[in-house]
Amino acid sequence: MTLTIATPTTHRTPPLSEQLQRLIDLGLPELAGISAEELRSRASTLRGRPDSILVVGPAIAAPSQLVTLLRRGGKPGFVVEDLTDLDAFTEHPDLDACPEGFSLAHGMDRGDDLSNRTPDEALPEILARGRRPLTISEGISWLLQQPEQLAPNHCFMTIASRHRKPDGTLDARVPALWISGGTGRDGRTRRGAPKLGWCWAGNRHPWLGHASATAA
């Protein structure tokens, strides 16, 4: 009898050179105030795998900037009006810090099977699987390369990014990426656009997974 062991499917991604060119074509040099040549130099030491995503860290472009490069149906990504402190969200204190410049994330998964769990419930489960949750920058960078991963009723939270309050406790807001359903406070129609918002750490949402990557 032959024993078959199921293993996760590797989702192949384009070579890093193609991913970087896509970022350049989307306007990252202008956004970051860095030349395309300098961006290529900064990414030149990275060595990808078949499932690698090139992550743009906050030292290159803050999340509030980076999200504007997202497109869905021709509409640009945006940050909700009541998340003005988005760029103050940093690595969850229980996790290792991610690089500030270019880095790689591997084996991205939207975490659909973890939907309808709170972020506080999902984090230990992700870690128990030998994986780690995504930061905001990683989530945006993934969608810049594979925008189809943001789909109706299949969006995700980036629970590796949290904000510390002055007393040292964690702010209860957790960033998430989903599809806008209406009009912003400025009156602009944004239905269908990529949206970076937040949810409470203790809330459950059946349409929001908890995205993660392999731990190594």
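Read on for an overview of the structure. Since this is a predicted model, take the numbers as computed values, not measurements.

Packing of helix H1 (residues 16-26) against helix H3 (residues 36-43) brings their axes to within 11 Å, and their N-to-C directions diverge by 150°. Considered as vectors, H1 and H3 are oriented roughly antiparallel to each other. The handedness of the crossing between H1 and H3 is right-handed. Contacts between H1 and H3 pair Leu20, Gln21 and Ile24 from the former with Ala36, Leu39, Arg40 and Ala43 from the latter. Of the residues assigned to the contact of H1 with H3, the class counts are five nonpolar, one polar and one charged.

Mapping Arg110 onto the fold places it in the loop between strand S6 (102-106) and helix H5 (119-128). Within the structure, the side chain of Arg110 is placed 2.8 Å from the backbone oxygen of Gln149, a separation counted as a polar contact. Among all residues touching Arg110, those that are not within four sequence positions of it are Trp142, Glu148, Gln149, Ala151, His154, Cys155, Phe156, Gly209, His210 and Ala211.

Conventions adopted
- Residues numbered from 1 in each chain as written.
- Predicted model: local features only at pLDDT ≥ 70, side-chain atom pairs only at ≥ 80, totals over all residues.
- Heavy atoms only, no water.
- Axes fitted to C-alpha atoms, helices over the stretch in contact; angles between N-to-C directions.
- Helix = DSSP H or I, 4+ residues; strand = E, 2+ residues; numbered from the N terminus.
- Parallel < 35°, antiparallel > 145°, perpendicular 65-115°, else oblique.
- Left-handed = near helix turned anticlockwise from the far one by under 90°.
- Contact = heavy atoms within 4.5 Å.
- Nonpolar A, V, L, I, M, F, W, Y, C, P; charged D, E, K, R; others polar.
- Polar contact = N/O pair within 3.5 Å; in protein donor to acceptor, adjacent residues only side chain to side chain.

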